[in-house]
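One letter stands for each residue in the lines below.
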Amino acid sequence: PCTCRSSTWHRSSKRLTEKVFIEQLSHFPVLWGPSLFILGLLVGSFLNVVILRLPRALEHEWKTQCEDLLSGDSGETESEDGHEEQSRPPGLVFPASHCPKCKAELRWWQNIPVLSYLLLRGKCHACEQPISLRYPAIELLTATLTLLAGFIFPDLYTLPWILLAVWLLIAMSVIDFDTQLLPDNLTLPLMWLGLIYSTLPASPVSPVDAILGAAAGYMVLWSIFHVHHFITKRQGMGYGDFKLLAAAGAWLGWQKLPFVLLIAAATGLVITLAMILFRDHDKRQAVPFGPYLAIAFIIALFWGDRLLQVYLS
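Let us look at the structure shown here. (Residues numbered from 1 in each chain as written. Predicted model: local features only at pLDDT ≥ 70, side-chain atom pairs only at ≥ 80, totals over all residues. Heavy atoms only, no water.)

Quick look at the overall build of the protein chain now. Regarding its fold elements, the protein chain presents eleven helices and zero strands. Secondary structure elements in the protein chain, listed N-terminal to C-terminal, are α-α-α-α-α-α-α-α-α-α-α. By residue count, 37% of the 313 residues in the protein chain fall in the buried class. Considering only intrachain contacts with a sequence separation of at least 6, the fraction spanning at least 24 residues in the protein chain is 70%. Carbon and sulfur atoms make up 66% of the accessible area of the protein chain, which amounts to about 19,200 Å² in all. (Helix = DSSP H or I, 4+ residues; strand = E, 2+ residues; numbered from the N terminus. Buried < 20%, exposed > 50% of the residue type's maximum accessible area, 1.4 Å probe, protein only. Contact = heavy atoms within 4.5 Å. Areas by Shrake-Rupley, 256 points an atom, 1.4 Å probe, with all protein chains shown as cover.)

A surface patch of nonpolar side chains, amounting to about 550 Å² of accessible area, comprises Trp108, Trp109, Ile112, Leu115 and Leu119. Considering the arrangement of structural elements, one finds Ile112 in the loop between α3 (83-87) and α4 (115-119). (Patch = residues over 30% accessible without salt bridge, like charges linked within 9 Å, V, L, I, M, F, W, Y side chains within 5 Å. Salt bridge = Lys/Arg side-chain N within 4 Å of Asp/Glu carboxyl O.)

The next subject is the nonpolar core. Counting residues in each nonpolar core, the largest one holds 62 residues, and the members touching the most others are Leu190, Trp251, Phe297 and Phe302. Taken together, the elements giving at least two residues each to this core come down to α2 (29-71), α5 (134-152), α6 (159-179), α7 (184-197), α8 (207-232), α9 (239-252), α10 (257-278) and α11 (290-312). Of the residues forming this core, the biggest block, 13 residues, is contributed by α6. Residues within four places of Leu190 in sequence aside, it is in contact with Ala165, Leu168, Leu169, Met172, Leu244, Ala247, Trp251 and Phe297. (Core = buried A, V, L, I, M, F, W, Y, C linked by side-chain atoms within 4.5 Å.)

If you walk through the whole model with that rule in mind, you get eight aromatic pairs. Relative to Tyr197, the ring of Trp161 has its centre 5.7 Å away and its plane inclined at 35 degrees; by these criteria the two rings are tilted. Taken as a pair, Trp161 in helix α6 and Tyr197 in helix α7 lie far apart in primary sequence, 36 residues in all. Take Tyr197: its relative accessible area is 4%, and that puts it in the buried class. Here a set of aromatic residues connected by ring pairs shows up, and it is made of Tyr218, Phe225, Tyr239 and Phe242. If you follow Lys233 out to its NZ or CZ, it ends over the ring of Phe230, 5.2 Å from the centre. (Phe/Tyr/Trp six-rings, centres within 6.5 Å; stacked < 30°, edge-to-face > 60°. Lys NZ or Arg CZ within 6 Å of the ring centre and 35° of its normal.)

Geometric values such as these leave the question of function open.
Shown next as structure tokens:
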């Protein structure tokens, strides 16, 4: 019994020490802010890799599965000349980052978020191929949202969950913008994270509201999709949007879903009109809805309660 009490006391003492450390650190913006910002830059650099490589890996997997089905092959054998291995896209971790044109591998000092872009003047060190400005932009966006999350949710038991949600939303938003694809590899983990988070004492959403929110989020867009398809014989959105709104319902509860849809629709309308007016965007071209849902998701996650109070007052 003494040993059990001692072990329990040590665990409680460790948790208390961690909580006090984080709370004290959050009271010193000089330390808390830069730490979060640097963390966001590092994660943003990895998200750039995910955004670039995950769609290619999924397309390769789907193509391989289709070829196996059409050929009646079990998929256990490979071509004699090894073309499958050569055409396999890079993974999320290996190989190391390299220039897409000359294939020169980047050195460590060329992989520093934002700073390397400035040092290289936006060009590859080997072939001087221009580097897209989007890479440092995503790193700065991730760092900014990480910093905001750290000051809005300074609790040790809340912040990691919020950061995971925000990082997943950034990755899937850019992927959807590029490919009009919301991968299940991102949307479903986000939904399950929200459901698990609702069971913790730190969550403002009860498990019942989270489950109802996930179900309602999926069914709302599913219903709109089928009504639109019945009337126009065209698909208005993809199933990934259903899963993303289901994830929003799991994190925010069913009560905030109308708020999320309103912000997403308004944001999408404003940006689409701006693209039509200033960038000659084709009205018939499909516009991904995922990024606007993600923007509304983050706004509701950070400031949903305050905005609702202002609106109701």
